Amino acid sequence: QVQLVESGGGLVQTGGSLRLACAASDRTFSKWSMGWFRQAPGKEREVVGRINWNGADTLYTDSVRGRFTISRDNAKNTVYLQMNSLKPEDTAIYYCAIGRPYGSASTPIHSFGAWGQGTQVTVSS
């Protein structure tokens, strides 16, 4: 089973930027749609954004659209989440997950799995 490892989290001030990375252990990574999710303390996990299998299409939740960008480098088995104009409400543990083979950016949320261990993002006010 493919394993995912997130990195790049940290502490940043409001308005700052971070770039998260999610590295996959399996070369079949390139055929899967991918998603970024987050879970804040006391809240349920929510989707941040999704990317289709070849990187041509993305979909974002309303609260991050225009500030966050998902991209992928299939040659490196890695998907990225560029986060700009960060706000305190973006504070959460961020996870990546695998969707469906040759999946679109609209891959249903319930289809995602093989979760990584997460990386903490803290935005100070």
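Notes on the structure in this doc start here. (Residues numbered from 1 in each chain as written. Predicted model: local features only at pLDDT ≥ 70, side-chain atom pairs only at ≥ 80, totals over all residues. Heavy atoms only, no water.)

### Quick look at the nonpolar core
Rules: Buried residues of nine kinds, namely Ala, Val, Leu, Ile, Met, Phe, Trp, Tyr and Cys, make up a nonpolar core once their side-chain atoms join them within 4.5 Å. Accessible area is worked out with a 1.4 Å probe on protein chains only. A residue is then buried under 20% of its type maximum, exposed over 50%, and partly exposed in between. Any two residues whose heavy atoms approach within 4.5 Å at even a single point are treated as in contact.
Counting 27 residues, the largest nonpolar core has Trp36, Leu81, Met83 and Tyr94 as the members making the most contacts within it. Here Tyr94 is in contact with Glu6, Leu20, Trp36, Phe37, Arg38, Val48, Phe68, Leu81, Met83, Gly118, Thr119 and Val121, once residues within four sequence places are set aside.

### What to know about the sheet that holds strand E8 (residues 78–83)
Stated precisely, the cut-off is as follows: Here, any two strands with at least 2 DSSP bridges between them count as paired. Secondary structure elements are defined from DSSP: runs of H or I of at least 4 residues count as helices, runs of E of at least 2 residues count as strands, and each element is numbered from the N terminus. Geometry is summarised by axes, namely lines fitted to C-alpha atoms with helices restricted to the contacting stretch, and by angles between N-to-C directions that run from 0 to 180 degrees.
The strand order E1-E3-E8-E7 describes an open sheet built from four strands, whose pairing is antiparallel. Only two strands of the sheet have a single neighbouring strand rather than two, namely strand E1 (4–7) and strand E7 (68–73). For this sheet, the mean angle separating the axes of adjacent strands, direction not counted, is 15°. Here six bridges tie E7 to E8, and the two strands are oriented antiparallel to one another. Looking at E8, one finds that Ser71 is bridged to Tyr80.

### Overview of the state of the cysteines
Heads up, the condition is: By disulfide we mean two sulfur atoms from cysteines, separated by a distance within 2.5 Å.
Throughout the structure, instances matching the rule amount to one disulfide. Cys22 shares a disulfide with Cys96; S-S distance 2.0 Å. Here the disulfide of Cys22 and Cys96 is right-handed, its torsion about the S-S bond being about 65°. Of this pair, Cys22 sits in strand E3 (residues 18–24) while Cys96 sits in strand E9 (residues 92–101), and the two are 74 residues apart along the sequence.

### Section: the pairing of E1
Only one face of E1 is covered, namely the face carrying Leu4 and Glu6; the face carrying Val5 and Ser7 is uncovered. As defined by bridge partners, E1 adjoins E3 across four bridges and the pair is classed as antiparallel. Among the inter-strand pairings, Glu6 is bridged to a residue of E3, identified as Cys22.

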